[in-house]
Amino acid sequence: MTDKPTKQPKVPSWGERVKYRSGQLHVPDRPIIPFIEGDGIGPDIWRATRMVTDAAVERAYGGERRICWTQIYAGDRSIELFDEWIPEETFEAIREFRVAIKGPLTTPVGGGRRSANVTLRQTLDLYACVRPVFWVPGVPCPVKEPRKLDVVVFRENTEDVYAGIEFEAGTPEAEKLASFLATELDSPIREDSGIGIKPISRFGTQRLMRMAIRYAIEHDRRSVTLVHKGNIMKFTEGAFRDWGYEVAAAEFADVTLSEQELWNRFEGCLPEGCILVKDRIADAMFQQVLLRPAEYDVIVTPNLNGDYISDALAAQVGGIGIAPGANIGDGRALFEATHGTAPKYTGMDKVNPGSLVLSARMMLDYMGWDEAADLILTGLRHTIAQKTVTYDLERQMEDAYLVKCSEFGEAIVENM
Ligand code: NAP
């Protein structure tokens, strides 16, 4: 007999809380980690991911460490069980236990309900959307030298035109705002305009940049690039660039250099242990990552640019189906598959669990469990190198061996 699902997570007595003190995460040996299976293909990819993660932890630490999983709910499944899109208990569990992981959730099209993903990010103030993009040898991709791309995108998650401040054309609100702009600010716009607001703050920019530079330091990355359209939008995107440089100079002067300093003081040769901080205009950056991918490392960018560039980069290395992601705030993080619920494949044990598996690897890295994180990547690399793959990769490869979602997970474990 299985337990009746409850909104309140059921936490086994052996689990311990992850703590956060003085800006540091403290992870016990038996951390309680809430998970949301997700809708559509969510349960299939979650089962494979949980098996792979538990096996990696067991193999790395031989029973000294173990994750205490606890289920929480959101999306379709939550509606079905509790008639609530995201129960308050779900937010509370992520707040309290600090590290969580989720499968994809259905986003209803049209009015009514807001995207559960956006709501989770904004309510929990998970202000950085972090996407590592690198090539896994063997994955079919459209470029000649995919191995040259190895970047981590830090996309601002709470501001920009995604802040949700929009007024429909013809409504009293849009008319009121248009009249204010014309009369008070000498900025007339066409009468039949819809209006969206693009806020970008110093606070929002600087906390993102701080996180990205710290990541670069901890992961031996060589550069941090601010990507913006400051040539056109001077007081939002241009300010984003200026505020980003300000953080580097004020808080990380001992480890960062600007391009100007690099050339003036070091003739273009970056000293060991230093991180180059540079900026690129967004449109030029889309060319740069195709033409000179090896020159980029950590990318920091506002919300909209980040949305576009994350997917474009993932496509470049053939990784859309296996690209991992995380939404990270201060001492709190939610790891997630980057693709959707692919409803037509629900319950078929067919799809590629790679995105959620690699997100679990990011989660272990975030927890400081590097050995287990490395095992997951090793297992995945070997499995793909052996051409043991799910349908999405099999249809693009020659002589590949087609496996189910669960079998792909099992192969990763065997190959660790
Ligand atoms: P989608 O679920 O990502 O699926 C689009 C196509 O991508 C699938 O039909 C499949 O391609 C391929 N695909 C996706 N995941 C795959 C996997 N794990 N393995 C192999 N192939 C995979 O996008 P959608 O159909 O536009 O969206 C469906 C629902 O998901 C919507 O409600 C949407 O809002 C939601 N969504 C949620 C998230 C999230 O939770 N983070 C993100 C995006 C979308 P083929 O048909 O070619 O096999």
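Here, the structure is the one placed above.
Residues numbered from 1 in each chain as written. Predicted model: local features only at pLDDT ≥ 70, side-chain atom pairs only at ≥ 80, totals over all residues. Heavy atoms only, no water.

**Some words on helix H3 (residues 88-97)**
Listing the buried residues of H3 in full gives Thr90, Phe91, Ala93, Ile94 and Phe97. Taken end-on, H3 shows its buried residues confined to a sector of 160 degrees, consistent with a single buried face. Looking at the packing, one finds that the buried side of H3 touches strand E3 (32-36), strand E5 (99-102), helix H4 (116-123) and strand E15 (332-337). Residue Arg98 follows H3 closely and has a positive phi angle near 75 degrees. (Buried < 20%, exposed > 50% of the residue type's maximum accessible area, 1.4 Å probe, protein only. Helix = DSSP H or I, 4+ residues; strand = E, 2+ residues; numbered from the N terminus. Arc of directions from axis to C-beta. Contact = heavy atoms within 4.5 Å.)

**Observations concerning the pairing of strand E13 (residues 298-301)**
Across a regular strand the side chains alternate sides, sitting on one face of the sheet and then on the other. The side-chain alternation of E13 yields two buried faces, one formed by Val298 and Val300 and the other by Ile299 and Thr301. Sheet analysis places strand E7 (residues 150-156) next to E13, joined by four bridges and oriented parallel. Bridged to Arg155 within E13 is Thr301. Alignment of strand E10 (residues 223-228) against E13, held across three bridges, turns out to be parallel. Residue Val224 lies in a different strand from E13, and its bridge partner there is Val298. (Pairing = 2+ DSSP bridges.)

**Considerations on the nonpolar core**
Core analysis: the biggest nonpolar cluster contains 93 residues, and Ile101, Phe154, Val300, Leu313, Met363, Leu364 and Met416 have the highest contact counts within it. Broken down by element, the residue count for this core peaks at eight residues, all from helix H1 (residues 42-61). Those residues within four positions of Met416 in sequence are excluded, and the remaining contacts are Val52, Ala55, Ala56, Arg59, Leu375, Ile376 and Gly379. The next biggest cluster of nonpolar side chains, apart from the first, holds 18 residues, and it includes Ile36, Phe91, Ile94 and Leu334. (Core = buried A, V, L, I, M, F, W, Y, C linked by side-chain atoms within 4.5 Å.)

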